[in-house]
Amino acid sequence: MKTRFAGTVDFVPADPLSSPELSERLADLAAEEAVAESGIGHRGDFPGPLFIAVPPIEIEWEQRRKIATASGANADVSYNDLIRTAAAGQFVPFHERFMFGSVANHLADKFGTKGSPISLSTACASGATAIQLGVEAIRRGETDAALCIGSDGSINPESLIRFSLLSALSTSADPPAQAAKPFAKNRDGFVMAEGAGALVLESMESARARGARILGVINGFGEMADAFHRTRSSPDGKPIIGCIRNALADAGLTPDDIDYVNPHGTGTPENDKMEAMGVMAVFGERAKTLPMSSNKSMVGHTLSAAGAVEAVFSLLTMARERIPPTINYQVPDPAIPMDVVPNTARDAKVRHVISNSFGFGGQNVSLVMGREPA
Amino acid sequence: MADAADDTAREAWITGIGIVSCLGEGPEAHWAALNTSPPKPDTATYPPYIIHKLPPLGFDKQIPKKGDQRQMEAWQRIGTYAAGLALDSAGLKGKAEMLGRTDMIVAAGGGERDIAADTAILAGLPAAAQPEAFLNERLMNDLRPTLFLSQLSNLLAGNISIVHGVTGSSRTFMGEESAGVDAIRIAVARIGAGQSDIALVGGSHNSERQDLLMLYEFGGFALKDKFSPVWQREAHPGFALAAMGAFLVIESRAHADARGAKRIARLSAVLSDRCRRQPGDVTAGLRRLWGKISSRLQPGKVAVISGASGTAPATAEERVFLAEHQDIAVRATGTYVGHAFEPQFPMNVALAAIAVSRGNLYPPDAGRTGGRASDARPADPGRGDIGGSLARRRAGPGRSALKESLRCRPTMTARGAQSSSSPDLASSRRSAPARMTTGRT
């Protein structure tokens, strides 16, 4: 295996460990924190719907091996043996645990969200899509609040190997903490990581009426799918450019209103090149001095969670007036002549952030966030 | 786009239907089969399990590049194919400008396994000196690099973007049956609110998947040994895993009219909910949702298309609810098309739209041997099968559909959808299929 490291969350117990189990635990922790901080509703009675980005779910090797062993078929094992063993009723919990809706279902029970919870995937843009769905529901007047979560605890040998086979992962193991090198010339892929981010979204009217502390505002969002290739961006950059412009238009802002770009910035040669090209096209000359730093240089790529995790970082960037750096930036890439806030955090007042999330399958989502208007 | 003077502008209309199932391809084939043919379950592929398979599809017709087809597993090919049929049906195929602003919501599972690779690894593990190293080594060597993409849930949407050029937006909902319900619910809500003008919505599923039989057999939910209509599986419950692709083009009335599209049926409401699946919860939930739309239904012109799957107790709880509405015709399509999770609701909405546009329902027992109403509502003792008589009574063209769905725990899901004639249309005799789907237990 060329890549033997990842940013796992190994300090949160999930037993028996599986991707949906850990994803649920991480989502639960993030949501607990967000709901408590919001002060909304009552315990177990959240006054709105749940939108949750989770990794796609399937039976994993640990379960498959247990069943194969229980089948007694040894070297002659076939899926017929697995099915027969499954039907014998010794592994009932596996059914529910590996349903696509199970994580959302448990969280809806626990937090008392309203209506049918929506589990979603737009690959590495999923977390941003969850936020987008929540904003849309509030804008439609269906609800005053929404719980939006992105979570991913899907690191296991097969998931790592899958990304590795697509040559998407960094192989710079010496040391792994320096493997993620977004925007640097020697970048060689992303570092898989686990995590979760949760936001309680609320209409401005409702939040002000109850005297809630407003942590930031989602001003708008944009989307544009890319039909060029399953894993590569259109070489003309049009979908990325269109996505960013759609987000600015939806927010009613111009490029000059943006003080900081929170990029997708995975550290793959392709993503960073195309994203820089898109940002430069939208922001023009100003792109050279507009701060743009990749959170993934420090936490890795949290996949389904990334859009939500990075929305949280974006809000903190504005609130704390400090831009987190792009670390591991030692070798500038002349093709990306931009201010990536190299290696050291920078104090700055930031009015509006645009946060990009792009995913396999041509998924592009940009969120525009700002501080509470005076 | 909504005109304050014209409150019909933001109505959500179905203007394209693309469906494939064991009954064939397209609305005509489905309607003909539902009217004349007995169910044709497959018992030979995975005995003793009973599934519903697709007839051979000419994938080249909708996915012209072989290279694209090779990048997909079966569920993605089925879905990309059905999506193409829907775009053809709506007159959108090849219209780049409009496809470039068409929103997409796909309901998807995923994870289609390489059965041969899995089996070989499992067979080798018992003798491996270092099982973990053996597993890693074999995965590195045996997994095709592109397999990941053909397993990935959102890559059905990705393939539709690539093959058909739908790029306005792309969202994939997961979560079994509820994903299909919520995909349509959100698409309709967005159109109603002016957040979207036109959307491609649906999903797909492949039944030739032993990995899924295993997943469902952990809970003992798959139908085996003996086929019977979904309402008649009390003694022998289970769902018949189905292959299916179902996509709809849904658009605002204003948008449809501006481009001269044929409006097939209106989606007046899509409701969904969940419950904790305690005994009685499903019935109570259906009553609650029904109460939200019942005042808009015209007595005698309503029908229910049920998504009952044949698994207890959800199907039994749905029966309790339906028994309270003996005057409403009921058809459970699962008897014929089987149960396919994510695309089940889009398929049933498509069938409801076809019924509305034709102004009648398929008969509960036409072409079925023995004269037994195999698909009709479960008649209470001493009561006639009203569903059958309504179906045979030809009514005028209904033009609207009111959908409702109820969702409970994903593992035990029930949903309902009803469509009814719309009071704002001029026709004096409109009938309306309505639909109600109940999922697995």
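Residues numbered from 1 in each chain as written. Chains lettered and ligands numbered in written order. Predicted model: local features only at pLDDT ≥ 70, side-chain atom pairs only at ≥ 80, totals over all residues. Heavy atoms only, no water.

> Can you walk me through the overall build of chain A in this structure?
Tallying secondary structure elements over chain A gives 12 helices and 10 strands in all. Split into buried and exposed, the 374 residues of chain A put 63% on the buried side. Counting only contacts in chain A whose residues sit at least 6 apart along the sequence, the fraction spanning at least 24 positions is 77%. Looking at chain A as shown, the accessible area adds up to about 13500 Å², and 53% of this sits on carbon and sulfur atoms. (Helix = DSSP H or I, 4+ residues; strand = E, 2+ residues; numbered from the N terminus. Buried < 20%, exposed > 50% of the residue type's maximum accessible area, 1.4 Å probe, protein only. Contact = heavy atoms within 4.5 Å. Areas by Shrake-Rupley, 256 points an atom, 1.4 Å probe, with all protein chains shown as cover.)

> Honestly, the nonpolar core in this entry has me stumped. Any pointers?
Across soluble globular proteins, you tend to see nonpolar side chains buried next to one another. Counting 79 residues, the largest nonpolar core has Ile131 of chain A together with Ile14, Ile17, Phe173, Ile184 and Ile250 of chain B as the members making the most contacts within it. In terms of residue count, the dominant contributor to this core is helix H15 (residues 344-358) of chain B (10 residues). Setting aside residues up to four positions removed in sequence, Ile14 of chain B forms contacts with Leu248, Val249, Ile250, Lys262, Arg263, Ile264, Ala265, Leu267, Val349 and Ala353 of chain B. (Core = buried A, V, L, I, M, F, W, Y, C linked by side-chain atoms within 4.5 Å.)

> Help me understand the interface of chain A and chain B, please; the structure alone is not making it clear to me.
Interface size is often expressed as the accessible area that is lost when the parts come together. Between chain A and chain B, the contact holds 69 residues from the first and 73 residues from the second. In this assembly, chain A packs against chain B so that about 6500 Å² is buried in total across both faces, 63% of it on carbon and sulfur atoms. When residues of chain A are sorted by the area they lose upon contact with chain B, Trp61, Tyr79 and Arg230 of chain A head the list and together hold 13% of the total. Here chain A is connected to chain B by 10 salt bridges. Close ionic contact of Glu223 of chain A with Arg171 of chain B constitutes a salt bridge, the shortest N to O distance being 2.8 Å. For the interface between chain A and chain B, the tally reads 27 residue pairs in polar contact (both at pLDDT 80 or more). Among the secondary structure elements, those contributing two or more residues to the side of chain A that touches chain B are helix H2 (61-71), helix H3 (79-87), helix H4 (92-97), helix H5 (102-111), strand E2 (118-121), helix H6 (126-139) and helix H7 (157-165) of chain A. At 7 residues, the largest contribution of residues to the side of chain A that touches chain B is made by H7 of chain A. Across the side of chain A that touches chain B, the residue classes tally to 36 nonpolar, 19 polar and 14 charged. Where E2 of chain A and strand E5 (residues 169-174) of chain B come together, 3 bridges link them in antiparallel fashion. Directly across from Ser121 of chain A, in E5 of chain B, lies its bridge partner Thr172 of chain B. (Buried area = accessible area lost by both parts, 1.4 Å probe. Salt bridge = Lys/Arg side-chain N within 4 Å of Asp/Glu carboxyl O. Polar contact = N/O pair within 3.5 Å; in protein donor to acceptor, adjacent residues only side chain to side chain. Nonpolar A, V, L, I, M, F, W, Y, C, P; charged D, E, K, R; others polar. Pairing = 2+ DSSP bridges.)

> Would you explain empty space enclosed by the protein in this entry?
Where empty space is left can be seen by rolling a probe of water-molecule size over the atoms. Taken as a whole and assessed by the stated rule, the structure comprises 4 cavities of 30 Å³ or more. Taken as a whole, the largest cavity encloses approximately 420 Å³ of empty space. Taken together, 30 residues form the lining of the largest cavity, with Pro56, Ser154, Ser159 and Arg162 of chain A together with Phe148 of chain B sitting closest to its centre. Contributions of two or more residues to the lining of the largest cavity are made by helix H1 (19-38), H2 and H7 of chain A together with helix H7 (147-151) of chain B. With 4 residues, the top contributor of residues to the lining of the largest cavity is H7 of chain A. Classifying every residue of the lining of the largest cavity gives 14 nonpolar, 9 polar and 7 charged. Its volume calculated, the second largest cavity comes out at about 230 Å³. If you go around the second largest cavity, you meet 24 residues; those closest to its centre are Phe100 of chain A together with Gly110, Arg209, Leu212 and Leu215 of chain B. Where the lining of the second largest cavity is concerned, the elements lending two or more residues are strand E6 (198-205) and helix H10 (210-217) of chain B. In terms of residues, the lining of the second largest cavity owes the most to one element, H10 of chain B, which gives 5 residues. Classifying every residue of the lining of the second largest cavity by side-chain character gives 11 nonpolar, 6 polar and 7 charged. (1 Å grid on protein atoms, 1.4 Å probe; cavity = no way out; pocket = protein on both sides within 12 Å on 5 of 7 lines; lining within 4 Å. Points joined across faces, edges and corners; volume = space filled by probe spheres on them.)

> Sorry, what's going on with H10 of chain B here?
In an α-helix, one full turn covers 3.6 residues, which means residues spaced three or four apart are oriented alike. Most of H10 of chain B is tucked away: 8 of the 8 residues are buried. For H10 of chain B, the full list of buried residues reads Gln210, Asp211, Leu212, Leu213, Met214, Leu215, Tyr216 and Glu217 of chain B.

> Looking at this model, I keep getting lost on the packing of H2 of chain A against H3 of chain A. Mind explaining?
The axes of two packed helices give the description: the angle between them and the distance between them. Residue and element names in this part refer to chain A. Remark: H2 packs on H3, axes separated minimally by 9 Å, with the N-to-C direction vectors making an angle of 90 degrees. Taken together, H2 and H3 sit at an angle that is classed as roughly perpendicular. In this structure, H2 uses Arg64, Ile67, Ala68, Ala70 and Ser71 to contact H3, whose residues at the interface are Tyr79, Asp81, Leu82, Arg84, Thr85 and Ala86. In terms of residue class, the contact of H2 with H3 is made up of 6 nonpolar, 2 polar and 3 charged. (Axes fitted to C-alpha atoms, helices over the stretch in contact; angles between N-to-C directions. Parallel < 35°, antiparallel > 145°, perpendicular 65-115°, else oblique.)

> Help me out: how do you make sense of the pairing of strand E3 (residues 145-152) of chain A in this one?
Along a regular strand, successive side chains alternate from one face of the sheet to the other. Residue and element names in this part refer to chain A. Burial analysis of E3 places 8 of its 8 residues in the buried class, the great majority of the element. Along E3, one buried face is formed by Ala145, Leu147, Ile149 and Ser151 and the opposite face, lined by Ala146, Cys148, Gly150 and Asp152, is buried too. Pairing geometry for strand E1 (residues 50-53) and E3, over 4 bridges, is parallel. Paired with Ile52 across the strands is Ile149, a residue of E3. With 8 bridges connecting them, E3 and strand E4 (residues 195-202) associate as antiparallel partners. Looking at the pairing, Leu147 lines up with Val200 of E4.

> What should I look at first to understand the packing of aromatic side chains in this one?
Aromatic rings in a pair are described by how distant their centres are and how their planes are angled relative to each other. One pass over the structure, following the stated rule, counts 14 aromatic pairs over all chains. Ring geometry for Phe94 of chain A versus Phe218 of chain B: centroids 5.4 Å apart, planes at 90 degrees, classification edge-to-face. Taken together, the residues Phe94 of chain A in helix H4 and Phe218 of chain B in the loop between H10 and strand E7 (241-242) connect one chain to another. For the pair formed by Phe94 of chain A and Phe218 of chain B, the shared burial category is buried. Residues Trp290 of chain B and Phe321 of chain B carry aromatic rings whose centres are separated by 5.8 Å and whose planes lie at 70 degrees to one another, so their mutual orientation is edge-to-face. On the criterion of sequence distance, the pair formed by Trp290 of chain B in helix H12 (residues 281-293) and Phe321 of chain B in helix H13 (residues 314-323) is long-range, its members being 31 residues apart. Ring pairs connect the aromatic residues Phe91, Phe94 and Phe98 of chain A together with Phe218 of chain B, which therefore count as one cluster. Here the guanidinium or amino end of Arg77 of chain B rests over the ring plane of Phe59 of chain B, the centre of that ring lying 5.9 Å away. The ring of Tyr362 of chain B carries Arg331 of chain B above its face, with NZ or CZ at 5.7 Å from the centroid. (Phe/Tyr/Trp six-rings, centres within 6.5 Å; stacked < 30°, edge-to-face > 60°. Lys NZ or Arg CZ within 6 Å of the ring centre and 35° of its normal.)

> What am I meant to see in the layout of surface pockets here?
All names here are of chain A. What the largest pocket holds in volume is close to 1400 Å³. In this structure, the largest pocket is lined by 45 residues; those nearest its centre are Ala198, Leu199, Leu215, Val312 and Leu315. Secondary-structure elements contributing two or more residues to the lining of the largest pocket are H1, H6, E4, helix H8 (204-209), strand E5 (217-223) and helix H12 (306-320). No other element matches E4, which puts 8 residues into the lining of the largest pocket.

> Would you mind going over the confidence of the model for chain B with me for this structure?
Note: predicted coordinates in regions of low pLDDT should not be interpreted at a detailed level. Residue and element names in this part refer to chain B. Averaged over all residues, the pLDDT of chain B is 84; the fraction at 70 or higher stands at 81%. In the model, residues 366-374 has pLDDT below 50 throughout and makes 27 contacts with residues more than four positions away in sequence or in other chains. Below pLDDT 50 for its whole length, residues 379-441 participates in 301 contacts with residues either more than four positions away or in separate chains. (pLDDT = per-residue confidence, 0-100.)

> Help me understand the sheet that holds E5 of chain A in this model?
Within a sheet, neighbouring strands are paired by backbone hydrogen bonds and run either parallel or antiparallel to one another. Residue and element names in this part refer to chain A. On the basis of which strands lie adjacent, the open sheet formed by 4 strands has the order E5-E10-E9-E6 and mixed pairing. Each end of this open sheet is capped by a strand with a single partner; those strands are E5 and strand E6 (260-262). Each strand of the sheet is rotated relative to its neighbour by a mean of 20 degrees, with strand direction disregarded. Pairing of strand E9 (residues 352-359) with strand E10 (residues 363-370), which is carried by 8 bridges, proceeds in the antiparallel orientation. Residue pairing across strands places Ser357 opposite Val365, the latter belonging to E10. Contacts between H6 and the sheet are confined to E5, E9 and E10, with E5 contributing the most and set at about 115 degrees to the helix. Its contacts with the sheet put H12 on E5, E6, E9 and E10, and the angle it makes with E9 is roughly 165 degrees.

> I tried to follow the environment of His205 of chain B on my own but got confused; where do I start?
Relative to the helices and strands, His205 of chain B resides in strand E6. Measuring from C-alpha to C-alpha, the distance between His205 of chain B and Trp75 of chain B comes to 5.0 Å, with 130 residues separating the pair along the chain.

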